[in-house]
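# Geometric and topological summary
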Amino acid sequence: LAREQIREAGIESVLPVDDVYFTKTVKNVLIKPTHKLFVVEEGSTLVGYALIGVTTKVWNPTAYSIIHYFFVHPSVRNPYKADALFQACAQFSKEQGCKFMEIGVSLFNQDFTVAESYVDRASKFYEHKQCNYTGDNFVYNLEDGKWAA
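Quick look at the structure, then. For clarity, every value in this text was computed on a predicted model and none was experimentally measured. (Residues numbered from 1 in each chain as written. Predicted model: local features only at pLDDT ≥ 70, side-chain atom pairs only at ≥ 80, totals over all residues. Heavy atoms only, no water.)

Looking only at helices and strands, one finds four helices and four strands in the protein. If you list the helices and strands of the protein from N to C, you get α-α-β-β-β-α-β-α. Counting only residues that meet the buried cut, the protein has 30% of its 149 residues in that class. For the protein, long-range pairs separated by at least 24 residues make up 52% of all intrachain contacts whose partners lie at least 6 apart in sequence. For the protein, the computed accessible surface area is about 10,200 Å², with 54% contributed by carbon and sulfur atoms. (Helix = DSSP H or I, 4+ residues; strand = E, 2+ residues; numbered from the N terminus. Buried < 20%, exposed > 50% of the residue type's maximum accessible area, 1.4 Å probe, protein only. Contact = heavy atoms within 4.5 Å. Areas by Shrake-Rupley, 256 points an atom, 1.4 Å probe, with all protein chains shown as cover.)

The subject of this paragraph is the nonpolar core. If you look at the biggest cluster of nonpolar residues, it comprises 20 residues, and the most contacted ones within it are F38, I52, F70, L85, C89, F125 and Y126. Looking at this core, the elements with two or more residues in it are β1 (35-42), β2 (45-57), β3 (60-72), α3 (79-95) and α4 (116-128). Per-element accounting of this core gives the leading share, five residues, to α3. Dropping the residues within four chain positions of it, F38 is found in contact with G48, Y49, A50, I52, L85, A88, C89 and F92. (Core = buried A, V, L, I, M, F, W, Y, C linked by side-chain atoms within 4.5 Å.)

Between its first and last C-alpha, α3 extends 24 Å over 17 residues, near the 24 Å set by a 1.5 Å rise per residue. Those residues of α3 lying buried are K81, A82, L85, F86, C89, A90, F92 and S93. Contacts made by the buried residues of α3 are with β1, β2, β3, β4 (101-103) and α4. Between the side-chain oxygen at the start of α3 and the backbone nitrogen of Y80 there is a gap of 2.8 Å, and the oxygen is on N78. Taken from the residues just after α3, G97 is the one with a positive phi, measuring 80 degrees. (Expected span 1.5 Å × (residues − 1). Polar contact = N/O pair within 3.5 Å; in protein donor to acceptor, adjacent residues only side chain to side chain.)

Another point: the pattern of salt bridges. Throughout the structure, instances matching the rule amount to three salt bridges. Between E102 and K57 there is a salt bridge, with its nearest N and O atoms 3.1 Å apart. Separated by 45 residues along the polypeptide, E102 in strand β4 and K57 in strand β2 bring together distant segments of the chain. For E102, a relative accessible area of 32% gives the class partly exposed. Where D83 meets K129, a salt bridge forms, and the shortest distance between an N and an O atom there is 3.3 Å. With a gap of 46 residues between them, D83 in helix α3 and K129 in the segment after α4 connect regions that are remote in the sequence. (Salt bridge = Lys/Arg side-chain N within 4 Å of Asp/Glu carboxyl O.)

Strand order in the open sheet formed by four strands is β1-β2-β3-β4, with mixed pairing between adjacent strands. The sheet is open, and its two borders are formed by β1 and β4, each paired with just one other strand. Ignoring strand direction, the axes of neighbouring strands in this sheet form an average angle of 25 degrees. As paired elements, β2 and β3 share nine bridges and run antiparallel to each other. If you follow G53 over to β3, its bridge partner there is I66. Across the sheet, α3 lies against β1, β2, β3 and β4, angled at about 155 degrees from β1, the strand it touches most. (Pairing = 2+ DSSP bridges. Axes fitted to C-alpha atoms, helices over the stretch in contact; angles between N-to-C directions.)

Take a look at the structure:
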(Lines give C-alpha, C1' and ligand atoms only; values in the text may rest on other atoms or scores of the structure.)
Protein backbone atom coordinates (compact mmCIF):
# COMPACT_ATOMS: atom_id res chain seq x y z
CA LEU A 1 0.00 0.00 0.00
CA ALA A 2 2.87 2.40 0.64
CA ARG A 3 3.94 1.84 -2.96
CA GLU A 4 0.39 2.65 -4.16
CA GLN A 5 0.35 5.82 -2.05
CA ILE A 6 3.65 6.94 -3.61
CA ARG A 7 2.38 6.04 -7.10
CA GLU A 8 -0.84 8.02 -6.58
CA ALA A 9 1.23 11.02 -5.48
CA GLY A 10 3.43 10.71 -8.57
CA ILE A 11 6.75 10.83 -6.68
CA GLU A 12 8.16 7.37 -7.43
CA SER A 13 11.23 8.82 -9.14
CA VAL A 14 11.95 11.27 -6.29
CA LEU A 15 11.22 9.06 -3.29
CA PRO A 16 10.84 5.42 -4.37
CA VAL A 17 9.83 2.81 -1.81
CA ASP A 18 12.84 0.98 -0.37
CA ASP A 19 11.28 -2.30 0.80
CA VAL A 20 14.10 -3.26 3.17
CA TYR A 21 14.22 0.15 4.82
CA PHE A 22 10.42 0.38 4.98
CA THR A 23 10.07 -3.04 6.64
CA LYS A 24 12.85 -2.32 9.17
CA THR A 25 11.42 1.09 10.05
CA VAL A 26 7.86 -0.16 10.52
CA LYS A 27 9.07 -3.05 12.68
CA ASN A 28 11.12 -0.66 14.85
CA VAL A 29 8.17 1.68 15.24
CA LEU A 30 5.73 -1.08 16.08
CA ILE A 31 7.76 -2.51 18.96
CA LYS A 32 7.15 0.76 20.82
CA PRO A 33 4.01 0.67 22.99
CA THR A 34 3.41 4.32 22.07
CA HIS A 35 2.89 3.51 18.39
CA LYS A 36 0.19 1.58 16.60
CA LEU A 37 -0.55 0.46 13.07
CA PHE A 38 -4.21 0.11 12.14
CA VAL A 39 -5.26 -1.68 8.96
CA VAL A 40 -8.41 -2.00 6.89
CA GLU A 41 -8.97 -5.24 5.03
CA GLU A 42 -11.42 -6.42 2.41
CA GLY A 43 -11.45 -10.15 2.68
CA SER A 44 -7.78 -11.04 2.97
CA THR A 45 -6.55 -7.95 1.11
CA LEU A 46 -5.03 -4.99 2.91
CA VAL A 47 -6.72 -1.85 1.55
CA GLY A 48 -5.88 0.85 4.09
CA TYR A 49 -3.63 1.74 6.98
CA ALA A 50 -2.87 4.39 9.57
CA LEU A 51 0.35 4.67 11.57
CA ILE A 52 0.09 6.73 14.74
CA GLY A 53 2.50 7.54 17.56
CA VAL A 54 2.36 9.32 20.90
CA THR A 55 4.83 12.07 21.75
CA THR A 56 5.22 15.38 23.58
CA LYS A 57 6.42 18.83 22.60
CA VAL A 58 9.98 19.70 23.60
CA TRP A 59 8.72 22.44 25.93
CA ASN A 60 5.72 20.65 27.50
CA PRO A 61 5.08 17.12 28.79
CA THR A 62 1.45 16.98 27.58
CA ALA A 63 0.98 13.79 25.56
CA TYR A 64 -0.45 14.03 22.06
CA SER A 65 -0.50 11.75 19.05
CA ILE A 66 0.67 12.22 15.50
CA ILE A 67 -0.85 10.36 12.59
CA HIS A 68 2.27 9.69 10.53
CA TYR A 69 0.56 7.90 7.63
CA PHE A 70 -3.09 7.54 6.68
CA PHE A 71 -4.13 5.91 3.42
CA VAL A 72 -7.06 4.05 1.88
CA HIS A 73 -6.54 2.52 -1.57
CA PRO A 74 -8.33 4.53 -4.30
CA SER A 75 -10.17 1.46 -5.61
CA VAL A 76 -12.03 1.04 -2.31
CA ARG A 77 -11.89 4.59 -0.96
CA ASN A 78 -15.05 5.62 0.81
CA PRO A 79 -15.87 7.62 3.94
CA TYR A 80 -16.67 4.52 6.01
CA LYS A 81 -13.22 2.97 5.69
CA ALA A 82 -11.47 6.28 6.38
CA ASP A 83 -13.84 7.02 9.30
CA ALA A 84 -13.07 3.64 10.84
CA LEU A 85 -9.32 4.31 10.62
CA PHE A 86 -9.72 7.80 12.04
CA GLN A 87 -11.87 6.55 14.94
CA ALA A 88 -9.34 3.81 15.72
CA CYS A 89 -6.59 6.44 15.87
CA ALA A 90 -8.70 8.69 18.12
CA GLN A 91 -9.55 5.82 20.47
CA PHE A 92 -5.90 4.73 20.73
CA SER A 93 -4.91 8.33 21.45
CA LYS A 94 -7.49 8.63 24.22
CA GLU A 95 -6.34 5.33 25.74
CA GLN A 96 -2.77 6.67 25.74
CA GLY A 97 -3.88 9.79 27.63
CA CYS A 98 -3.36 12.18 24.72
CA LYS A 99 -4.86 15.65 24.76
CA PHE A 100 -5.05 15.98 20.94
CA MET A 101 -4.10 14.37 17.63
CA GLU A 102 -1.86 16.16 15.14
CA ILE A 103 -2.32 15.26 11.49
CA GLY A 104 -0.06 16.53 8.75
CA VAL A 105 -1.50 16.87 5.28
CA SER A 106 1.53 17.28 3.09
CA LEU A 107 2.50 15.71 -0.18
CA PHE A 108 4.74 17.03 -2.90
CA ASN A 109 5.32 15.84 -6.41
CA GLN A 110 8.47 15.42 -8.50
CA ASP A 111 9.30 19.11 -8.70
CA PHE A 112 8.73 19.61 -4.95
CA THR A 113 5.46 21.46 -5.42
CA VAL A 114 2.24 20.55 -3.67
CA ALA A 115 0.25 17.58 -4.96
CA GLU A 116 -2.92 19.66 -4.81
CA SER A 117 -5.60 17.05 -5.50
CA TYR A 118 -4.20 14.74 -2.82
CA VAL A 119 -3.82 17.53 -0.24
CA ASP A 120 -7.26 18.99 -1.03
CA ARG A 121 -8.96 15.59 -0.67
CA ALA A 122 -7.20 14.82 2.60
CA SER A 123 -7.84 18.31 3.98
CA LYS A 124 -11.56 18.02 3.24
CA PHE A 125 -11.69 14.69 5.07
CA TYR A 126 -10.02 16.11 8.20
CA GLU A 127 -12.16 19.25 8.09
CA HIS A 128 -15.22 16.98 7.92
CA LYS A 129 -13.89 15.24 11.04
CA GLN A 130 -13.85 18.71 12.69
CA CYS A 131 -10.07 18.97 12.82
CA ASN A 132 -8.67 22.49 12.99
CA TYR A 133 -6.33 23.81 10.31
CA THR A 134 -3.11 24.96 12.02
CA GLY A 135 -0.59 25.76 9.27
CA ASP A 136 1.40 24.46 6.35
CA ASN A 137 4.49 22.38 5.65
CA PHE A 138 7.24 23.62 3.37
CA VAL A 139 9.81 21.58 1.43
CA TYR A 140 13.19 22.96 0.36
CA ASN A 141 15.05 21.05 -2.36
CA LEU A 142 18.66 20.79 -1.17
CA GLU A 143 19.85 19.08 -4.35
CA ASP A 144 19.03 21.76 -6.91
CA GLY A 145 21.88 24.07 -5.93
CA LYS A 146 19.65 27.08 -5.32
CA TRP A 147 20.13 28.62 -1.90
CA ALA A 148 17.95 31.35 -0.47
CA ALA A 149 19.70 34.70 -0.24
